[in-house]
Amino acid sequence: MVHVIIGSQWGDEGKGKIVDLLSQKADCVVRFHGGNNAGHTIINNLGKFPLHLVPSGIFNTACKVFIANGVIIDLGVLITEIEMLKKVLPNFSNRLYISPRCNLIMPYHKLLDRLYEEAKGKAKTGTTGRGIGPTYADKVSYSGIRIFDMLDPKRFQERLKILLMVKNKIIITLGGKPLKLKTIYSQTLEEFQKIKPYVKETFQPLYEAIQKNEKIICEGAQGIFLDNDWGTYPYVTGSSVVAGNVTAGCGIAPRHVKRITGICKAYTTRVGNGPFPTELMDKTGEIMRKIGQEFGTTTGRPRRCGWLDLELLRFACCLNGFTDLAITKLDILDHFKTIKICVGYALRNKKVRHVDCDTHLLGRVKPIYKTMRGWNRSTKDMRSYKDLPSEAKKYLKEISRHVNVPISLISVGPERNQTIYETN
Ligand code: GDP
Ligand code: IMO
Ligand code: MG
């Protein structure tokens, strides 16, 4: 049974919490795209962990975890993360698999990420600065360095020499300091030695897991509206975020996917630049950020906050074929007397659909709101649907009705047990 978890907004929907929770009953958890731009927060019996590369299933000691070919890897970040996890978990070298097909984020990718952003000035994307865009760009233009290349140091050196020569020309043009071949070569090789024990082909064990009918969770990163094709381009990320990308990203054929859960925050947040129709630039937005502790897990940047946008969510449901939704951070709305929910967009008094808007238009649409009564009491200790205030149930029903997808799970706090499963 393959279960895909996808962020249905602009990332940070609480995917880490949900994957950690569901992993308790999973055999395999797979990251299939993105890199350490992701920051998945997990709070469990062992503590609080912001994971950037290692799949959130690592805390189930019976679970195999895979960093599959679609993921791009910053070796330094991966080593730090593995060291952190080694302190709290028994040896996991036999259950962490890193695909030799993964592309590496090289020092020049991080430098170029910064230089491109600086060159764009006010029009910058607001990236995480982790080298994501330049690394994916190199991957698709056949100029990447893969783990496979590292297995043969001579081949690696030859390839690096040519690639760095090109990169340094761009770096100099953009006002940066050229990087040294010798330094990058020896540092990357040294780092590679530390992760080498985990490098194993990921396709075969996943294929065998499918044959044995094991439970596999594919852990999406980012969110649909950061997708390189379907997001608010150019304010997007370098990878394909859609559920369908599991095939390219980890080699699982579409027919094996039986469940696709969209993770949706009960309101909306976004980090970085780009249109955000329901953004609240007022006190309400500030309160949301404060109560929701909306600061980036990866960069610490304050997240922009706003009401839930059902126009976007409906599109995310159709695009990914969500079988169900998990609504997170419902507890943050405990604090509002009235709650607004965006049910569509208007432009010059005419209704418009998200899918017809380019990024520029999306920045100009006006949300059409439905105002709902808040429940104004704490839900964080509630564990069953029937205990939820009637206004909260109405809010959830409105979401589900509007997008025509059932809600399978409701999260009322960051901890594993702060979860409601039955939804009627
Ligand atoms: P991810 O990138 O989708 O995994 O999300 P992040 O970890 O970046 O951000 C989600 C934040 O919300 C984290 O700090 C989580 O601990 C926290 N969180 C997740 N679910 C809930 C919830 O239901 N209620 C509250 N209050 N916090 C939550
Ligand atoms: P998780 O998995 C939120 C955003 C950045 C920026 C844009 C491009 O934790 O949900 P990039 O560094 O990818 O080139 O930046 O994408 N971004 C995220 N925002 N959560 C994430 O991941 C993100 N990963 C990238 O803020 O706007
Ligand atoms: Mg995050």
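If you're wondering where the values come from, they're calculated on a predicted model, not measured in any experiment.

(A) Region of interest: the site of ligand 2. Taken together, 21 residues lie around ligand 2, and D12, K15, H40, T128 and T237 are the ones closest in. Here an oxygen atom of ligand 2 sits 2.6 Å away from a polar atom, N or O, in the side chain of K15. A distance of 2.7 Å is found between an oxygen atom of ligand 2 and a side-chain nitrogen or oxygen belonging to H40. Alone, ligand 2 offers 540 Å² of accessible surface; in the complex the protein occludes 98% of this. Classifying every residue of the shell around ligand 2 gives seven nonpolar, 11 polar and three charged.

(B) Seen up close, the coordination of the magnesium ion (ligand 3). Distances from the magnesium ion (ligand 3) to its protein donors, namely D12 (OD) and G39 (O), fall within the range 2.0 to 2.2 Å. Taken together, the positions of D12 in the loop between β1 (2-7) and α1 (15-23) and G39 in the loop between β2 (28-31) and β3 (40-44) put the pair 27 residues apart, joining distant regions of the chain. Residue class for D12 comes out partly exposed when judged on its relative accessible area of 22%.

(C) Examining the domain arrangement of the protein more closely. As assigned here, the protein comprises domain 1 (2-98 + 202-260), domain 2 (103-145 + 152-196) and domain 3 (264-420). Taken together, the contact pairs 38 residues of domain 1 with 39 residues of domain 3. Here domain 1 packs against domain 3, burying approximately 3,100 Å² in sum over the two surfaces, 59% of which is carbon and sulfur. Its largest share of buried area at the contact with domain 3, domain 1 owes to W10, K17 and I260, together 23% of the area lost on that side. Between domain 1 and domain 3 we count three salt bridges in total. With a closest N to O distance of 2.9 Å, R259 and D324 form a salt bridge. Remark: the boundary between domain 1 and domain 3 carries 21 residue pairs in polar contact (both at pLDDT 80 or more). The element contributing the most residues to the side of domain 1 that touches domain 3 is α1, with five residues. For the side of domain 1 that touches domain 3, the class distribution of residues is 19 nonpolar, 13 polar and six charged.

(D) Broad picture of the sheet that holds strand β7 (residues 96-98). The strand order across the open sheet formed by nine strands is β7-β5-β2-β9-β1-β10-β14-β18-β19, and the pairing between neighbours is mixed. The open sheet has two edge strands, β7 and β19 (419-420), and neither has a second partner. Examined bridge by bridge, β1 and strand β9 (residues 216-219) share four bridges and lie parallel to one another. The partner of I5 across the bridge, within β9, is E219.

(E) Fine view of the side chain of D20. Mapped onto the elements, D20 comes out in helix α1. Judged by its relative accessible area of 1%, D20 falls in the buried class. A polar contact of 3.5 Å, which involves the side chain of D20, links it to the side chain of N44. If sequence neighbours within four positions are ignored, D20 has contacts with I42, I43, N44, S56, F59 and R416.

(F) Representation of a positive patch on the surface in the model. A cluster of basic side chains, namely R348, K350, R364 and K366, defines a positive patch on the protein surface. For R348, the location among the structural elements is in the loop between β15 (338-347) and β16 (350-352).

(G) Structural view of the site of ligand 1. Lining the immediate surroundings of ligand 1 are 18 residues, of which K15, G16, T41, D331 and S411 lie closest. Within the side chain of S411, an N or O atom sits 2.5 Å from an oxygen atom of ligand 1. Take G413: an N or O atom from its main chain is 3.1 Å from an oxygen atom of ligand 1. Among the secondary structure elements, those contributing two or more residues to the shell around ligand 1 are α1 and β3. For the shell around ligand 1, the element with the highest residue contribution is α1, accounting for three residues. Across the shell around ligand 1, the residue classes tally to three nonpolar, eight polar and seven charged. The residue makeup of the shell around ligand 1 includes at least three contributed by each of domain 1 (2-98 + 202-260) and domain 3 (264-420).

Reading the values: the criteria
- Residues numbered from 1 in each chain as written.
- Chains lettered and ligands numbered in written order.
- Predicted model: local features only at pLDDT ≥ 70, side-chain atom pairs only at ≥ 80, totals over all residues.
- Heavy atoms only, no water.
- Near = heavy atom within 4 Å.
- Polar contact = N/O pair within 3.5 Å; in protein donor to acceptor, adjacent residues only side chain to side chain.
- Areas by Shrake-Rupley, 256 points an atom, 1.4 Å probe, with all protein chains shown as cover.
- Nonpolar A, V, L, I, M, F, W, Y, C, P; charged D, E, K, R; others polar.
- Donors = N, O, S within 2.8 Å, 3.2 Å for Na, K, Ca; no water.
- Helix = DSSP H or I, 4+ residues; strand = E, 2+ residues; numbered from the N terminus.
- Buried < 20%, exposed > 50% of the residue type's maximum accessible area, 1.4 Å probe, protein only.
- Domains from an automatic or database assignment.
- Contact = heavy atoms within 4.5 Å.
- Buried area = accessible area lost by both parts, 1.4 Å probe.
- Salt bridge = Lys/Arg side-chain N within 4 Å of Asp/Glu carboxyl O.
- Pairing = 2+ DSSP bridges.
- Patch = residues over 30% accessible without salt bridge, like charges linked within 9 Å, V, L, I, M, F, W, Y side chains within 5 Å.
- Lys, Arg positive; Asp, Glu negative; His and termini not counted.
- Charge placed at Lys NZ, Arg CZ, Asp CG, Glu CD.

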